Amino acid sequence: VQMGAAMAQMTAEKFKTDRDHTHDLLCAGAGAGLAATFNAPIAGICFVLEELHVRISTGCFFAACIACLTADLLVR
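Each value, and the rule that gives it
- Residue numbers run consecutively from 1 along every chain, following the written order of its sequence.
- Since the coordinates come from a predicted model, pLDDT governs what is reported: local features require at least 70, and pairs of side-chain atoms require 80 or more to be given and counted, while whole-chain, interface and lining totals use all residues.
- With hydrogens and water set aside, each side-chain value is computed from the structure's full complement of heavy atoms.
- Salt bridges, as used here, are contacts in which a Lys or Arg side-chain nitrogen is within 4 Å of a carboxyl oxygen on Asp or Glu.
- Each residue gets one of three labels from its accessible area relative to the maximum for its type: buried under 20%, exposed over 50%, partly exposed in between, using a 1.4 Å probe on protein chains only.
- Think of it this way: any DSSP run of H or I at least four residues long counts as a helix, any run of E at least two long counts as a strand, and we number them from the N terminus.
- Here, expected helix span is obtained from the residue count minus one, scaled by 1.5 Å.
- Arc definition: it is the arc formed by the directions from the helix axis to the C-beta atoms.
- By definition, residues are in contact when any of their heavy atoms lie within 4.5 Å.
- When two cysteine sulfur atoms are found within 2.5 Å, that pair is recorded as a disulfide.

Undergrad: Please give an account of the pattern of salt bridges that cites residues and values.
TA: In the structure shown here, the tally under the stated rule is one salt bridge. The partner of Arg-76 in a salt bridge is Asp-72, with the nearest N and O atoms 3.0 Å apart. Owing to a relative accessible area of 65%, Arg-76 belongs among the exposed residues under this scheme. For Asp-72, a relative accessible area of 7% puts it in the buried group.

Below, the structure written as structure tokens:
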């Protein structure tokens, strides 16, 4: 989870995103890290929805879905 969030933080710094987009990237990265670790993309999405985001936006939800599914495919 921490490695996924760290990669998202590096991406946000490289592209100089604003605070809201950085938070969305961190949530998606943390969910992707969980999905890759346990080979469970649905668990990564649920982790983002339950633990990391108080108000989930559509963009954050789809970013988390794409990140979790991509991480699971890369691990396989």
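Undergrad: Please give an account of helix α3 (residues 41-52) that cites residues and values.
TA: With 12 residues, α3 extends 16 Å from end C-alpha to end C-alpha; this agrees with the ideal 16 Å at 1.5 Å per step. Of all the positions in α3, only Pro-41, Gly-44, Ile-45 and Val-48 are classed as buried. Down the axis of α3, the buried set is contained in an arc of 100 degrees. They therefore lie on one face. What points out from α3, more than 90 degrees from its buried face, is the exposed set Ile-42, Glu-50 and Glu-51. Tucked into the core, α3 has its buried residues touching α2 (19-38) and α4 (58-75).

Undergrad: Let's hear about the state of the cysteines: which residues, and what values?
TA: Evaluation of the coordinates by the stated rule reveals zero disulfides. Lacking any disulfide linkage, Cys-27 is separated from the closest cysteine sulfur, that of Cys-60, by 4.7 Å. Looking at the unpaired Cys-65, the closest cysteine sulfur is the one in Cys-68, lying at 7.1 Å. Judged by relative accessible area, which is 13%, Cys-65 ranks as buried.

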